[in-house]
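Examining the three-dimensional arrangement
Listed below are the residues making up each chain.
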Amino acid sequence: MKANKSKNIDKNFISNQINKRLGISKKFCDQLTNDLIKILITIIFENKSLNLKNFGVFKKKFKKSRIGRNPKNKQEFKITKRNVVLFKSSKTLNVYLNK
């Protein structure tokens, strides 16, 4: 599955790939892709981590509020507290990507 290098892969691209490979309807592929993403988000939100073997680990991390600075004009502003998702790729994925 090769994507255009100048374009990010989006849900539509994934849906089209499922449609081409499995030959099921485009509408069903769109729904399947949306449902899968919703399930992954729910798992990360509820469990704080999602481990996909041979792919990597998604982790939810809480970041405290802090003071940020605009590097151009040195103006300070407050960055609010928030949850972020971190991704650490597996060794298998790293080996595959660095062939």
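Model, not experiment: these values are computed from the prediction.

1. Overview of the pairing of strand S3 (residues 66-69)
Pairing between S3 and strand S4 (residues 76-79): four bridges, direction antiparallel. Pairing of Arg 66 across the sheet is with Ile 79, part of S4. Once S3 ends, the chain turns through six residues before running back antiparallel as S4, passing Lys 74 with a positive phi of about 60 degrees.

2. A word on helix H2 (residues 26-47)
Here H2 spans 31 Å end to end across 22 residues, near enough to the 32 Å set by a 1.5 Å rise per residue. Burial in H2 covers these residues: Cys 29, Thr 33 and Ile 44. Looking down the long axis of H2, one finds its buried residues gathered within 40 degrees of arc, a one-sided arrangement. Residues of H2 that are exposed and point over 90 degrees away from its buried face: Lys 27, Lys 38, Phe 45 and Glu 46. Once H2 finishes, Lys 48 follows within two positions and takes phi at roughly 70 degrees, a positive value.

3. Some thoughts on the pattern of salt bridges
With the rule as written, the count across this model stands at two salt bridges. In this structure, Asp 30 engages Lys 26 in a salt bridge whose closest nitrogen and oxygen atoms are separated by 2.8 Å. Of this pair, Asp 30 and Lys 26 both sit in helix H2, four residues apart, roughly one helical turn. Under the relative-accessibility criterion, Asp 30 is labelled partly exposed at 30%. On the accessibility criterion, Lys 26 (30% relative accessible area) is partly exposed. The salt bridge partner of Glu 76 is Arg 69, with a shortest N-O separation of 3.0 Å. Looking at Glu 76, the relative accessible area reads 49%, which means it is partly exposed.

Reading guide: rules and limits
- Residues numbered from 1 in each chain as written.
- Predicted model: local features only at pLDDT ≥ 70, side-chain atom pairs only at ≥ 80, totals over all residues.
- Heavy atoms only, no water.
- Pairing = 2+ DSSP bridges.
- Helix = DSSP H or I, 4+ residues; strand = E, 2+ residues; numbered from the N terminus.
- Expected span 1.5 Å × (residues − 1).
- Buried < 20%, exposed > 50% of the residue type's maximum accessible area, 1.4 Å probe, protein only.
- Arc of directions from axis to C-beta.
- Salt bridge = Lys/Arg side-chain N within 4 Å of Asp/Glu carboxyl O.

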